[in-house]
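Observations on the three-dimensional arrangement
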Amino acid sequence: MPVALITGASRGLGRAAARALARRSWSLVVDARREDDLADAMQGLPDVVAIAGDVTSSGHRADLAAAVRRLGRLDVLINNASSLGPSPLPPLRRYELGELRRVYEANVLAPLALIQLLADQLEAAGGAVINVSSDAAVEAYPGWGGYGSSKAALDQLTAVLAAEESGLRCYAFDPGDMRTDMHQQAFPGEDISDRPEPESVVPALLRLIDERPPSGRYRAADLAIESADAVKSPEKVQS
Ligand SMILES: NC(=O)c1ccc[n+]([C@@H]2O[C@H](COP(=O)([O-])OP(=O)(O)OC[C@H]3O[C@@H](n4cnc5c(N)ncnc54)[C@H](OP(=O)(O)O)[C@@H]3O)[C@@H](O)[C@H]2O)c1
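These remarks concern the structure in this document. Predicted model, so just to flag it, every value in this text is computed and none were measured. The residue count restarts for each chain, going from 1 along the sequence in the order it is written. With the structure being a predicted model, the display of local features is reserved for residues of pLDDT at least 70 and the display and counting of side-chain atom pairs for 80 or more, all residues being used for whole-chain, interface and lining totals. Side-chain calculation: all heavy atoms of the structure are included, whereas hydrogens and water are not.

A word on helix α1 (residues 12–23)
Residue pairs three or four apart in sequence face the same way in an α-helix, which turns once every 3.6 residues. The condition is simple: The helix count covers DSSP runs of H or I at least four residues long, the strand count covers runs of E at least two residues long, and both are numbered beginning at the N terminus. Residue count minus one, scaled by 1.5 Å, sets the expected span of a helix. When accessible area is computed with a 1.4 Å probe and restricted to protein chains, residues below 20% of their type maximum are described as buried, those above 50% as exposed, and intermediate ones as partly exposed.
With 12 residues, α1 extends 17 Å from end C-alpha to end C-alpha; this agrees with the ideal 16 Å at 1.5 Å per step. The element α1 is largely enclosed, with a buried count of 9 among its 12 residues. Of all the residues in α1, the buried ones are G12, L13, G14, A16, A17, A18, A20, L21 and A22. Trailing α1 by a residue or two, S25 shows a phi angle of about 70°, which is positive.

Description of the site of the ligand
The test is simple: Any residue with at least one heavy atom within 4 Å of a molecule or strand is counted as near it. Polar contacts, as counted here, are pairs of nitrogen or oxygen atoms within 3.5 Å of one another; within protein the pair requires one atom able to donate a hydrogen and one able to accept it, and residues that are adjacent in sequence qualify only if both atoms are side-chain atoms. Each accessible area is a Shrake-Rupley result for a 1.4 Å probe, and residues are judged covered by the shown protein chains and nothing else. In this classification, the charged set is Asp, Glu, Lys and Arg, the nonpolar set is Ala, Val, Leu, Ile, Met, Phe, Trp, Tyr, Cys and Pro, and all remaining amino acids, among them Gly, are polar.
As a matter of local geometry, the ligand sits amid 29 residues, with S10, R33, N80, Y147 and T180 nearest to it. Within the side chain of R34, a nitrogen or oxygen atom sits 2.7 Å from an oxygen atom of the ligand. Taken by itself the ligand offers 900 Å² of open surface, and the protein chains cover 97% of this. Mapped by element, the contributors of at least two residues to the shell around the ligand are α1, β2 (27–32), α5 (145–164) and α6 (181–186). Here the shell around the ligand gets 3 residues from one element, more than from any other, and that element is α6. Residue classes in the shell around the ligand are distributed as 10 nonpolar, 11 polar and 8 charged.

Some remarks on the packing of aromatic side chains
Put simply, the test is: Planes of paired rings set the category: under 30 degrees apart is stacked, over 60 is edge-to-face and the rest tilted, where pairs are Phe, Tyr or Trp rings (Trp by its six-membered ring) whose centres lie within 6.5 Å. Note on geometry: a ring has a charge over it if NZ (lysine) or CZ (arginine) is within 6 Å of the ring centre and within 35 degrees of the ring normal.
Within this structure, the stated rule accounts for 4 aromatic pairs. Geometrically, the ring pair formed by W144 and F187 is tilted, given 6.0 Å between the ring centres and 45° between the ring planes. A residue pair is termed long-range when its members are at least 10 positions apart, and W144 in the loop between β5 (128–132) and α5 and F187 in the loop between α6 and α7 (202–211) qualify at 43 residues. Residue classification places W144 among the buried residues on the basis of a relative accessible area of 16%. Of the residues examined, F187 reaches a relative accessible area of 22% and is grouped as partly exposed. Ring centres of Y171 and Y218 lie 5.7 Å apart, and the angle between their planes is 80°; on these two criteria the pair is classed as edge-to-face. Of the two residues, Y171 sits in strand β6 (residues 169–174) while Y218 sits in strand β7 (residues 216–219), which places them 47 residues apart along the sequence. Just as Y171 is buried, Y218 falls in that class too. Sitting above the plane of the F187 ring, R195 keeps its charged end 5.3 Å from the centroid.

A look at the side chain of N79
How we decide: Every residue pair with non-hydrogen atoms within 4.5 Å of one another is taken to be in contact.
With respect to the element layout, N79 can be found in strand β4 (residues 76–79). Given the relative accessible area of 4%, N79 is considered buried. Of the polar contacts made by the side chain of N79, one reaches the backbone oxygen of P111; its length is 3.4 Å. Setting aside anything within four residues of it in sequence, one finds N79 in contact with T7, P111, L114, I115, V129, I130, N131 and V132.

Okay, structure coming up:
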């Protein structure tokens with residue numbers, strides 16, 4: 001039975017991905033900081049190891065890796081948990097550096113740390129890393145300098161990893177806008193009901209998992225296009 005580790009699975013895209021893979025009888029290791037929310041989100045899913053904790057904690061990451069090792073394999077690592085930073089989003093000239101450091105800890109260092117811990121298991125399974133990115137990594141939106149630059153770093157880290165690791169598929173996955181808590185945090189007080197539900201992005205994510213196109217950066221909107229050409233032409237192909 002294939003195994004996925006999904007961070008940030010108690011709501012939003014992480015929960016939608018977990019449910020989709022569970023429906024396919026995958027075994028899952030998942031986390032989120034709030035234990036009750038995580039338990040509620042995973043209720044009824046048959047084969048889930050849910051470990052509450054913060055991805056920025058090395059001890060918690062070690063617990064996740066240990067759970068994966070007990071399952072004996074890892075096919076996909078989805079680095080999904082992420083920090084937006086302060087809300088409302090501050091301009092860079094006033095960005096508190098301690099806050100920025102925490103954003104980078106969650107969005108850059110924690111994903112790399114999990115990759116470092118689990119690369120051997122992923123390689124043994126011919127596996128894939130999916131680092132969840134954002135259009136803020138490539139577009140310069142005012143206010144998005146902290147989060148956006150962290151996702152740009154995550155993109156580059158993914159691209160270099162792909163160049164270094166011929167035995168792994170390495171994807172930066174840009175889901176596009178989704179109606180989630182994080183999106184509401186980014187637009188406080190605004191009506192975001194026109195944004196698509198995170199479940200709408202899952203078919204694109206599954207396409208990466210099923211078809212294993214070349215490593216690179218992929219947008220959900222492109223993967224959702226039926227033409228196979230979209231999969232053969234990522235924005236940045238590394239291997
Ligand atoms: N929503 C959008 O429009 C949008 C657009 C582009 C990219 N993205 C990206 O898509 C991914 C999913 O976002 P989302 O909108 O689905 O977010 P979300 O609904 O806010 O869910 C975030 C999930 O991550 C968990 N989490 C957050 N920080 C964590 C930490 N330090 N350690 C462990 N778990 C943590 C949360 O649970 P706890 O709070 O209990 O920890 C929750 O389960 C993120 O990488 C985000 O950057 C989102």
